[in-house]
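Remarks on the overall topology
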Amino acid sequence: MLVELNRDENNRVAPSEIERRWREEVGDLPGVRGLRIGGAGGPGGDGPDLSFQLVGRDLNQLQAAAADLEQRIRSYNGTYDVRNSFEGGVRELQLQIRPEAEALGLSQQDLARQVRQAFFGEEVQRIQRGQDDVRVMVRYPEEQRRSEGYLEAMRIRTADGQAVPFGAVADIEVGTSPSSIRRFDRERSISVTARIDKDIAEPGRISNELRETHLPAILASYPDVRYRLAGATRSQQELMTDLTRGLLLALFLIYALIAVPLRSYLQPLLIMSVIPFGMIGAVFGHWVLGIPISMLSLFGIIALAGVVVNDSLILVDFVNRNRRAGESRIEAAIKATRARFRAIILTSMTTFLGLAPIIFFETSLQAKIVIPMATSLAFGIVFATIITLGLIPILYLIGDDVVRLMQRLLGHSRHGMVAEERVKG
């Protein structure tokens, strides 16, 4: 069933709310093999939020491990559409030839061939009618192919032409045939997936807890089974790895670009010290607004790293100018903070106020995608501004003390080496 919502954004319920209500009204339907209730997806599609792939050679252990993992996932509040990719398949009759049938010259292949001829049919002739090729099949009448009783009453012909009862040469077992077989690295695999209501639970936290606590306990009971991340869970982990690498590269480039004009190894670290505080401000903004941290939030945090260094860079540059003008380091720091206070506050507030309409007033579904990124930038900049004005001058003075201490220690070492050489001379 496909439902299209009214496009009037002012008079409609959010698709996630309709999806939640629909799911609550439907509840659990007994006997249903598959049920999925979903809406239009945002970034990354509308696939499962959790996806684990269990791999092993023993199918029984795989089924048991998948059932345990499925039960653990269902125990979390906010998880729904928990699925197990193993499908029992359709019901089938499995025929097994008896050992005494071999004495009559019958094999499993002979048994299967005669049963197939009786119920599916054997092609005995093809008739050409115009452009059509008509196949003539010989098999039991339709009324004799409807139940298992006709199979048990069937006669099996031996190699010498005798007809013996089916029950005398074969056994029947009721089983299931898999509708699909999934493999990974030539081993059977079963995928366990689930979707998460992000207003109730955070997918990353559940995924980490499952990997750190529940999965090791499950795999300890089934030694022939191993797991791997799949689907959105694997994509999220790969994206986190790429984001970490990108952040490290960005920090290195920022450090290099600042170190070249300042001609210092320590001052770039001083300037970049506001970046962690900006990240704290971004997390604080998400907590205040009740917005879960998502991948888009991380994009905003990475972008924040290149923005928050601007104010501290200008402040440190003004301190250096005042010191070159002959002022003491404390006076230079105080004068630079007073001179740049208004400019730093204005630039930060204009950035925050420019992003505020998106964060607080925008209600369209299209804008909700970028709200986490805007929240990271806005609150991170405000928090970093406070740190820049209050902490950077102090860190500058501490760094200057460290440099002076190192110079004194190195100077004493050099003087000691020169005096020792003179004594030896």
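Everything quoted here is computed from the prediction, not taken from an experiment.

Considering the confidence of the model for the protein chain
Averaged over all residues, the pLDDT of the protein chain is 83; the fraction at 70 or higher stands at 92%. Of all helices and strands in the protein chain, the one with the weakest mean pLDDT is helix 13 (residues 365-368) (71), whereas helix 9 (residues 274-289) scores best (90). Low pLDDT, under 50, characterises residues 415-425; the predicted model gives this stretch zero contacts beyond four residues in sequence or across chains.

Considerations on the pattern of salt bridges
Tallied over the full model, the rule gives 19 salt bridges. One salt bridge connects Asp197 with Arg20, and the closest N-O pair in it is separated by 2.9 Å. You can see Asp197 sitting in the loop between strand 10 (187-196) and helix 6 (203-221) and its partner Arg20 sitting in helix 1 (residues 15-26), a full 177 residues away along the chain. Of the two residues examined, Asp197 and Arg20, each falls in the buried class. Between Asp317 and Arg321 there is a salt bridge, with its nearest N and O atoms 3.2 Å apart. With a gap of four residues between them, Asp317 and Arg321 both fall in helix 11 (residues 309-324), about one helical turn apart. Judged by its relative accessible area of 22%, Asp317 is partly exposed. Take Arg321: its relative accessible area is 46%, and that puts it in the partly exposed class. One network of salt bridges, with partners in common, ties together Arg323, Arg329, Asp400, Asp401 and Arg404.

Let's talk about the packing of aromatic side chains
Counted by the stated rule, this structure contains five aromatic pairs. Seen from their ring centres, Phe352 and Phe379 are 5.7 Å apart, and the 90 degrees between their planes marks the pair as edge-to-face. With a gap of 27 residues between them, Phe352 in helix 12 (residues 329-361) and Phe379 in helix 14 (residues 371-424) connect regions that are remote in the sequence. In this structure, Arg228 is placed above the aromatic ring of Phe184, and the distance from its NZ or CZ to the ring centre is 4.0 Å.

Rules used throughout
Residues numbered from 1 in each chain as written. Predicted model: local features only at pLDDT ≥ 70, side-chain atom pairs only at ≥ 80, totals over all residues. Heavy atoms only, no water. pLDDT = per-residue confidence, 0-100. Helix = DSSP H or I, 4+ residues; strand = E, 2+ residues; numbered from the N terminus. Contact = heavy atoms within 4.5 Å. Salt bridge = Lys/Arg side-chain N within 4 Å of Asp/Glu carboxyl O. Buried < 20%, exposed > 50% of the residue type's maximum accessible area, 1.4 Å probe, protein only. Phe/Tyr/Trp six-rings, centres within 6.5 Å; stacked < 30°, edge-to-face > 60°. Lys NZ or Arg CZ within 6 Å of the ring centre and 35° of its normal.

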